[in-house]
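Overview (structure and organization)
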Amino acid sequence: MGQKLVGILLNAAMHRGVPRSETGQESIASYEEAASAYGLVPCFLKLSDIDLETGFSMAYMKSPQGYRNVVIPTPGVIHNRAIYSPESSGIDRLIRKGILVYNSCNRYGKDQIHALLEQNAELQDYLPATATGLSGLKEMMEEFPDLILKPCRGSIGAGVMRLSRVSPQRWIWSYQPGGSNEWINTFVDQDSLPKALRMFFAKSHYLVQERIPLAEIGGRPYDLRVTVQRGWGGGWRVTGMFAKLAEAGSFVSNIARGGEALNCAEVLEQTLGGETAARIRMLVTDLSLSIARELAQSLPGLADIGLDIGVTRDQKIYFIECNARDQRYGFQKAGLGAAWKESYRRPMGFARYLHEYPSQYNGY
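All of the points below concern the structure found in this document. What you see is a predicted model, and the numbers here were worked out from it, not measured in a lab. Starting afresh in each chain, residues are numbered from 1 along the sequence in its written order. Per-residue local features are limited, in this predicted model, to residues with pLDDT of at least 70; the limit for side-chain atom pairs, both in listing and counting, is 80 or more; totals at the level of whole chains, interfaces and linings are taken over all residues. Hydrogen atoms and water are omitted, and side-chain values are computed over all heavy atoms in the structure.

Now for the environment of threonine 312. What counts as a helix is a DSSP run of H or I of at least four residues, what counts as a strand is a run of E of at least two, and both are numbered from the N terminus. Mapped onto the secondary structure, threonine 312 falls in the loop between β18 (304-311) and β19 (317-323). Exposure classes here rest on a 1.4 Å probe applied to the protein chains alone. A residue is buried below 20% of its type maximum, exposed above 50%, and partly exposed in between. Taking relative accessible area as the criterion, threonine 312 reaches 1% and is therefore assigned buried. For the pair formed by threonine 312 and glutamate 356, sequence separation is 44 residues and the distance between their alpha carbons is 43 Å. Any two residues whose heavy atoms approach within 4.5 Å are treated as being in contact. Apart from the residues lying within four places of it in its own chain, the contact partners of threonine 312 are Ile212, Pro213, Leu214, Ala215 and Tyr318. Side-chain polar atoms of threonine 312 contact the side chain of aspartate 314, separated by 2.3 Å. Side-chain atoms alone can form a polar contact between residues adjacent in sequence; in general such a contact is a pair of N or O atoms within 3.5 Å, and within protein one must be able to donate a hydrogen while the other accepts it.

Written out as structure tokens, the structure is:
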């Protein structure tokens, strides 16, 4: 073909929507624009259409008549935007064939990420106290008056709960029943946790953390989403950040759970003041880069992540969690169009870098 191709690997459901430009929060047009800036042609793939034996794949590519499913040589560089079960070996097979897949894994356990960061002494002060499982919950209830409980492999805030102490042995348990967006608040006894709560832990591996006293706007807590990516040159950079403000009456800031995306600089200035806001943004930038570099030492192919960073009322910052498939649309919702576009450009710059310097790939 003579073209430098970059593969964008999508899950099957999103892949089906490419010809109609119905790809949810993924902007196909932004991939086209960003790839073109680096002399690349994007092709949109799903794993089952990649034939490792022949070296050819079926992929959607743009034509004057719209997107067509065509046979192409399998791209040598692929940006993974799909999520597969831990048992799937498809990505590993691509890598063993010499294909440079970055962000090869898009979902890591929250406990795994916390354990990796805890190994770095310089990062330990930025990590909330953490435990896992029912035994960990009981230990944490002895030590902290306010706890967040979240599935180790959950996403978009699903399954997150809170326990708040109201007396030495009495707590308020806040949770959402299956399929509901309504919060239920019920009293529980520390020495006799209800069966419904224990069932959550039986069904999923749960992380238990001290609740960080986040800064608030009108009683609504917020945290920061920081997009950290590798681009041309291979180095990590902070592409941008926005604030996620929890819905009134909620402690969960996820946009998919009613949270609101806002301009980060404006939110920090409103709550902390101009000089302090600038200092916090620099600290958050430095912390985010340190976290990305630390994780990249243990997680092959890491190149494009979103970090949730909490800012407390007394101006301390904490790492909350890492999202290995960053949902970039928050920049749009926060009115940060330039950062949103840049969040597509940087991964395409990294793809071009890998085309030119494949020895820099760290996917094994």
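Next comes the rest of the account.
Next up on the list: the pattern of salt bridges. When charged atoms on two side chains of opposite charge get close, those side chains can pair. Salt bridge criterion: a side-chain nitrogen from Lys or Arg within 4 Å of a carboxyl oxygen from Asp or Glu. Tallied over the entire structure, the rule returns 18 salt bridges. For the salt bridge of arginine 81 with glutamate 26, the shortest nitrogen-to-oxygen distance reads 2.6 Å. Highlighted residues: arginine 81 in the loop between β6 (77-80) and α3 (90-96) and glutamate 26 in the loop between α1 (12-16) and α2 (28-37), separated in sequence by 55 residues. Classification of arginine 81 as buried rests on a relative accessible area of 2%. Classification of glutamate 26 as buried rests on a relative accessible area of 7%. Here aspartate 146 ties to arginine 211 by a salt bridge, and the two come within 3.7 Å at their closest N and O atoms. Separated by 65 residues along the polypeptide, aspartate 146 in strand β9 (residues 146-151) and arginine 211 in the loop between β13 (206-210) and β14 (216-217) bring together distant segments of the chain. By relative accessible area, which is 16% here, aspartate 146 ends up buried. What makes arginine 211 buried here is its relative accessible area of 15%.

Further remarks concern the state of the cysteines. Note that a disulfide, as used here, is simply two cysteine sulfur atoms within 2.5 Å. Under the criterion given, the structure shown has zero disulfides. Left unpaired, cysteine 152 is separated from the closest cysteine sulfur, that of cysteine 322, by 14 Å.

A few words now on the sheet that holds strand β8 (residues 130-132). Only strands joined by at least two bridges in the DSSP assignment are considered to pair. Read across the sheet, six strands follow the order β8-β13-β9-β10-β11-β12 without closing on themselves; strand pairing throughout is antiparallel. In this open sheet, the two strands that pair with only one neighbour each are β8 and β12 (184-189). Each adjacent strand pair in this sheet contributes to an overall mean axis angle of 25°, direction not counted. By the bridge criterion, four bridges tie β9 to strand β10 (residues 161-167) in an arrangement that is antiparallel. Bridge pairing in β10 places aspartate 146 opposite serine 164. Helix axes are fitted to C-alpha atoms over the stretch in contact, other axes to C-alpha atoms as well, and angles between N-to-C directions run from 0 to 180 degrees. Running at roughly 50° to β13, helix α4 (residues 110-118) makes contact with β8, β9 and β13 of the sheet.

As a further point, take the pairing of β6. The alternating pattern of β6 places Val77 and His79 on one face and Ile78 and Asn80 on the opposite face, and all of these are buried. Where strand β1 (residues 5-9) lies against β6, three bridges are found, and the strand directions are parallel. Looking across to β6, one finds that glycine 7 is bridged to isoleucine 78. As paired strands, β6 and strand β7 (residues 100-102) are joined by three bridges and run parallel to one another.

Pairing of aromatic rings covers Phe, Tyr and the six-membered ring of Trp, with a centre-to-centre limit of 6.5 Å; geometry is then stacked below 30 degrees between planes, edge-to-face above 60, and tilted otherwise. According to the stated counting rule, one finds 15 aromatic pairs in the structure shown. Centre to centre, the rings of tyrosine 31 and tyrosine 344 are 4.9 Å apart; their planes meet at 85°, and the pair counts as edge-to-face. With tyrosine 31 in helix α2 and tyrosine 344 in helix α10 (residues 337-356), this pair connects stretches of sequence that are 313 residues apart. Given the relative accessible area of 0%, tyrosine 31 is considered buried. For tyrosine 344, a relative accessible area of 0% corresponds to the buried category.

Within strand β2 (residues 41-45), four of the five residues are buried, leaving the element largely enclosed by the surrounding structure. When β1 meets β2, the two strands line up parallel, connected through five bridges. Directly across from glycine 7, in β2, lies its bridge partner cysteine 43.

Looking now at the environment of leucine 197. Structurally, leucine 197 is set in helix α6 (residues 195-203). Relative accessible area serves as the criterion here: at 0%, leucine 197 is assigned to the buried category. With residues up to four places along the chain from it excluded, the contact list for leucine 197 reads Leu149, Met161, Leu163 and Trp173.

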